[in-house]
Amino acid sequence: MKIKFPDGVYKLKADPLPIRKPKKAFNRVAFAAAHVVADALANADPSGPPALDWEKTLAYRRYLLDLGFGIAEAMDTSQRGMGLDWPRALELITRSLDEAGPRAGRIFSGCGTDQLDPAAARNTGDVVKAYLEQLHAIQKRGGRIILMASRALVRVAKSPDDYVKVYSRVLAEAEHPVILHWLGDMFDPALKGYWGGASFEPAMETCLAVIAANAAKVDGIKISLLDDGKEIAMRRRLPSAVRMYTGDDFNYPALIAGDEAGYSDALLGIFDAIAPAASAALTALTKGDMKTYGTLMEPTVPLSRLIFRAPTQYYKTGIVFLAWLNGHQDHFVMVNGAQAMRPLAYFTEIFRLADEARLLSDPELAVKRMKALLSVYGA
């Protein structure tokens with residue numbers, strides 16, 4: 001099977017991985033940050049609120065749960081704060097928890113301050129109030145919490161102590177241990193200087209101080225800095241009961257496999273796109289089969305590095321594109337028009353690398369849809 005791209009003819013491997021439900025739980029906690037499927041017709045009106053195709057959005061969550069993953073709900077991968085506002089995020093969280101039924105305990109949901117315009121925040125009290133509004137709303141629905149980074153807190157915090165005070169105040173009202181989220185400014189430029197530090201080391205010290213002061217309320221921390229050295233350095237300093245969840249979409253295979261001093265669990269946006277490979281690899285890891293783990297996981301890394309290339313905040317475009325190629329949704333329209341944020345060469349290379357990683361589940365459908373996209377560009 002072949003397809004003609006602007007830079008030449010590509011011959012497909014066309015050897016998709018089987019999609020199999022794991023027979024037992026993984027030996028790593030593995031959350032997939034799931035994307036949302038936009039309602040293409042409703043989102044044609046840029047003046048209207050963001051609208052979702054609920055059937056397809058929830059079906060994708062069932063697919064991820066069936067493959068053994070937990071769901072990190074209403075996070076950056078769902079265009080949270082970049083198209084998906086708080087009212088829609090809460091509706092998404094509510095629907096997702098209801099849909100999951102007995103599996104709802106495998107869903108942790110993003111709790112942030114995105115209903116508060118950072119420019120309108122006057123002090124840390126405003127930030128606490130916004131966090132608690134979301135925390136109480138999610139907990140009222142029986143949800144578990146991922147405490148997301150706050151753009152408003154960056155703006156009003158005057159010192160690292162302000163971060164310690166805000167987090168301690170919010171964590172005091174958490175009903176269950178939460179996952180903290182340190183999102184780097186490559187994902188969201190508005191978060192530059194988070195934790196009140198101009199560089200990694202002082203920022204890490206503040207974050208570790210927050211964890212130490214609230215250890216009983218912290219399940220773990222996800223860091224998304226795309227730097228494995230920084231993650232390992234922090235992982236080795238965490239209290240024994242606090243997990244490190246890798247958010248490193250560049251170096252995840254080695255971080256999850258671990259070393260003599262420990263390993264990272266995972267909360268990754270790329271798991272949305274590589275779910276069949278990641279599920280099979282984690283199953284192999286659970287059996288101690290490192291060779292199969294590497295054989296399955298390593299080919300996904302070039303694909304992930306491309307999807308998350310700079311400007312990294314537009315990685316959602318690649319995630320949704322691959323879901324469309326694989327038939328999980330009927331169109332490639334995104335909330336806030338984000339499908340336009342990458343050039344044609346980005347999409348053709350995703351196609352190639354997904355095929356190499358055996359992640360085009362129906363090659364004939366993928367070729368048909370890729371040809372349709374090429375025709376839009378006159379290619």
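Heads up: these notes are all about the structure in this document. (Residues numbered from 1 in each chain as written. Predicted model: local features only at pLDDT ≥ 70, side-chain atom pairs only at ≥ 80, totals over all residues. Heavy atoms only, no water.)

Between helix α10 (residues 275-286) and helix α11 (residues 290-297), the shortest axis-to-axis distance is 8 Å and the interhelical angle comes to 165°. The angle between α10 and α11 places the two elements in the roughly antiparallel class. Here α10 and α11 pass one another in a crossing that is left-handed. Here Ala277, Ala278, Ala280, Ala281, Leu282, Ala284 and Leu285 of α10 come into contact with α11, specifically with Met290, Thr292, Tyr293, Leu296 and Met297. Class assignment for the residues of the contact of α10 with α11 results in eleven nonpolar, one polar and no charged. (Axes fitted to C-alpha atoms, helices over the stretch in contact; angles between N-to-C directions. Helix = DSSP H or I, 4+ residues; strand = E, 2+ residues; numbered from the N terminus. Parallel < 35°, antiparallel > 145°, perpendicular 65-115°, else oblique. Left-handed = near helix turned anticlockwise from the far one by under 90°. Contact = heavy atoms within 4.5 Å. Nonpolar A, V, L, I, M, F, W, Y, C, P; charged D, E, K, R; others polar.)

Looking now at the environment of Glu356. As for its placement among the helices and strands, Glu356 is situated in helix α14 (residues 344-356). For Glu356, a relative accessible area of 40% puts it in the partly exposed group. Here the alpha-carbon distance between Glu356 and Pro16, two residues 340 residues apart in the chain, equals 9.2 Å. Residues in contact with Glu356, not counting those within four places in the same chain, are Tyr10, Lys13 and Pro299. Among the polar contacts made by the side chain of Glu356, one reaches the side chain of Tyr10 at a distance of 3.4 Å. (Buried < 20%, exposed > 50% of the residue type's maximum accessible area, 1.4 Å probe, protein only. Polar contact = N/O pair within 3.5 Å; in protein donor to acceptor, adjacent residues only side chain to side chain.)

A few words now on α11. Given 3.6 residues to a turn, an α-helix orients residues that are three or four positions apart in the same direction. Looking only at α11, the buried set comprises Tyr293, Leu296 and Met297. In a view along the axis of α11, the buried residues occupy a sector of 90°, so they form one face of it. Turned more than 90 degrees from where α11 packs its buried face, Lys291 and Thr295 sit exposed. Those residues of α11 that are buried are in contact with α8 (252-257), α10 and α12 (300-307). (Arc of directions from axis to C-beta.)

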